[in-house]
Amino acid sequence: MPFQAVVFDLDGTLLDTLADIGNSANRVLEEFGFPAHPLDRYRHFVGEGVARLFERALPVESVRPERIAQCVDAFRRVYREHWNDTTRPYPGVPELLAELTDRGLRLAVLSNKPDEFTRLCIDRHFPGREFAAVVGQQAGLPCKPDPAGALLIARRMAIPAEQFAYLGDSAVDMQTARAAGMHAVGAAWGFRSVDELHAGGAERIIERPEELIAVIDVH
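An account of the accompanying structure is given in this report.

The rules behind these values
Residues numbered from 1 in each chain as written. Predicted model: local features only at pLDDT ≥ 70, side-chain atom pairs only at ≥ 80, totals over all residues. Heavy atoms only, no water. 1 Å grid on protein atoms, 1.4 Å probe; cavity = no way out; pocket = protein on both sides within 12 Å on 5 of 7 lines; lining within 4 Å. Points joined across faces, edges and corners; volume = space filled by probe spheres on them. Helix = DSSP H or I, 4+ residues; strand = E, 2+ residues; numbered from the N terminus. Nonpolar A, V, L, I, M, F, W, Y, C, P; charged D, E, K, R; others polar. Buried < 20%, exposed > 50% of the residue type's maximum accessible area, 1.4 Å probe, protein only. Contact = heavy atoms within 4.5 Å. Pairing = 2+ DSSP bridges. Axes fitted to C-alpha atoms, helices over the stretch in contact; angles between N-to-C directions. Disulfide = S-S within 2.5 Å. Phe/Tyr/Trp six-rings, centres within 6.5 Å; stacked < 30°, edge-to-face > 60°. Salt bridge = Lys/Arg side-chain N within 4 Å of Asp/Glu carboxyl O.

### Topic: empty space enclosed by the protein
Over the atoms rolls a probe the size of a water molecule, and its path tells where empty space is left. For the structure on display, the rule yields 2 cavities of 30 Å³ or more. Within this model, the largest cavity holds a volume of roughly 250 Å³. Lining the largest cavity we find 24 residues, and of these Asp11, Val46, Gly47, Glu48 and Lys113 sit closest to its centre. The set of elements that each furnish at least two residues to the lining of the largest cavity consists of helix H2 (50–57), helix H3 (65–82), strand S4 (106–114) and helix H7 (171–180). When residues in the lining of the largest cavity are grouped by element, the largest group, 4 residues, is from S4. Classifying every residue of the lining of the largest cavity by side-chain character gives 10 nonpolar, 5 polar and 9 charged. Taken as a whole, the second largest cavity spans an internal volume of roughly 60 Å³. Looking at the second largest cavity, the residues that line it are Leu110, Ser111, Asn112, Gly136, Gln137, Gln138, Leu141, Pro142, Cys143, Lys144, Asp146 and Gly149. Elements represented by at least two residues in the lining of the second largest cavity include exactly S4 and strand S5 (133–137).

Shown next, in the form of structure tokens:
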């Protein structure tokens, strides 16, 4: 069946958010007296929610539920002030969204970023671009790679899961797509490696956003 819709991951797929996430997390770590990390390390810390980020960023001996909860709360406070210091769409992303919309495909976003910040990012960086569903991390909804969020989007849009392309930059995204029955497409420009995308089950990997059009055309 032809594709009717595309689900996008946010961080590392639509937007380059790495510096703002990493700088905010480092401020939190320093606030609690822990060492900061080089920003590039955050490529491997992000993607599975804020709590998981701090499980990875904290010293091993400090990884305790109460400390993680404190860091998550502090991160929300700090990131609320700094979420858009350097965040920008990846080159070619706005044009891709416009082309997909012109072709009549419907668009959605699924992120493990807290729902509040997911919506802020979309509203600020893609004003006037209609997304049929925008779903971030929220109470009662399991984080990716659980397919619950992707299947929720499919139900809301009344489109069968197999008629979705799912574009993301990590193994978590590829696993989510496959578990939901969507077509897993890896974004090679994001935070993680092409090897990880292959290992996660990517059916296709594209080097530039505009290459998604060819995937849509040949499906």
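### Some details on the environment of Ile153
Looking at the secondary structure, you find Ile153 in helix H6 (residues 148–157). Among the residues examined, Ile153 registers a relative accessible area of 0% and is labelled buried. C-alpha separation for the pair Ile153 and Glu211, spaced 58 residues apart in sequence, amounts to 24 Å. Those residues within four positions of Ile153 in sequence are excluded, and the remaining contacts are Val7, Ala108, Val109, Leu110, Ala133, Val135 and Phe164.

### With respect to the sheet that holds S5
Two modes of strand pairing occur in sheets, parallel and antiparallel, and in both the strands are linked by backbone hydrogen bonds. Read from one edge to the other, the open sheet built from 6 strands follows the order S5-S4-S1-S6-S7-S8, with strand pairing classed as parallel. Strands at the two margins of the open sheet, each flanked by one partner only, are S5 and strand S8 (204–206). Between one strand and the next, the sheet's axes are offset by a mean angle of 20 degrees, whatever the strand orientation. Both strand S1 (residues 5–8) and S4 contribute to a ladder of 4 bridges, which runs parallel. Counterpart to Val6 in the pairing with S4 is Leu107. Relative to the sheet, H7 contacts S4, strand S6 (164–168) and strand S7 (183–187), its axis offset from that of S6 by approximately 165 degrees.

### Considering H6
Where H6 is concerned, the buried positions are Gly149, Ala150, Leu152, Ile153, Ala154 and Met157. Looking at the residues trailing H6, positive phi occurs at Ala158, about 55 degrees.

### Concerning H7
Each full turn of the α-helix corresponds to 3.6 residues, which orients residues three or four apart in the same direction. Among the 10 residues of H7, 7 are classified as buried, and the element is accordingly described as predominantly covered. When we look at burial in H7, the residues that qualify are Ala171, Val172, Asp173, Met174, Thr176, Ala177 and Ala180. Looking at the buried residues of H7, the elements they touch are S4, H6, S6, S7 and helix H8 (194–200). In the segment just after H7, Gly181 is the residue with positive phi, at about 85 degrees.

### So, the state of the cysteines
Going through the model one piece at a time under the given rule, you end up with 0 disulfides. Not part of a disulfide, Cys143 finds its nearest cysteine sulfur in Cys121, a span of 16 Å. Looking at Cys143, the relative accessible area reads 28%, which means it is partly exposed.

### Observations concerning the packing of aromatic side chains
Here the distance between the centres and the angle between the planes together describe a pair of aromatic rings. For the structure on display, the rule yields 5 aromatic pairs. Ring geometry for Tyr42 versus Phe45: centroids 5.1 Å apart, planes at 80 degrees, classification edge-to-face. Each member of the pair, Tyr42 as well as Phe45, is classed as buried. Ring pairing ties together the aromatic residues Phe54, Phe75, Tyr79 and Phe117, which thus form one cluster.

### Some details on the pattern of salt bridges
Applying the stated criterion across every chain, the model contains 15 salt bridges. The partner of Asp11 in a salt bridge is Lys113, with the nearest N and O atoms 3.1 Å apart. Placement of Asp11 in the loop between S1 and strand S2 (15–16) and of Lys113 in strand S4 is noted, with a sequence separation of 102 residues between them. Across this residue pair, the class does not change: Asp11 and Lys113 are buried.

Geometric descriptors of this kind do not, in isolation, establish any biological role.
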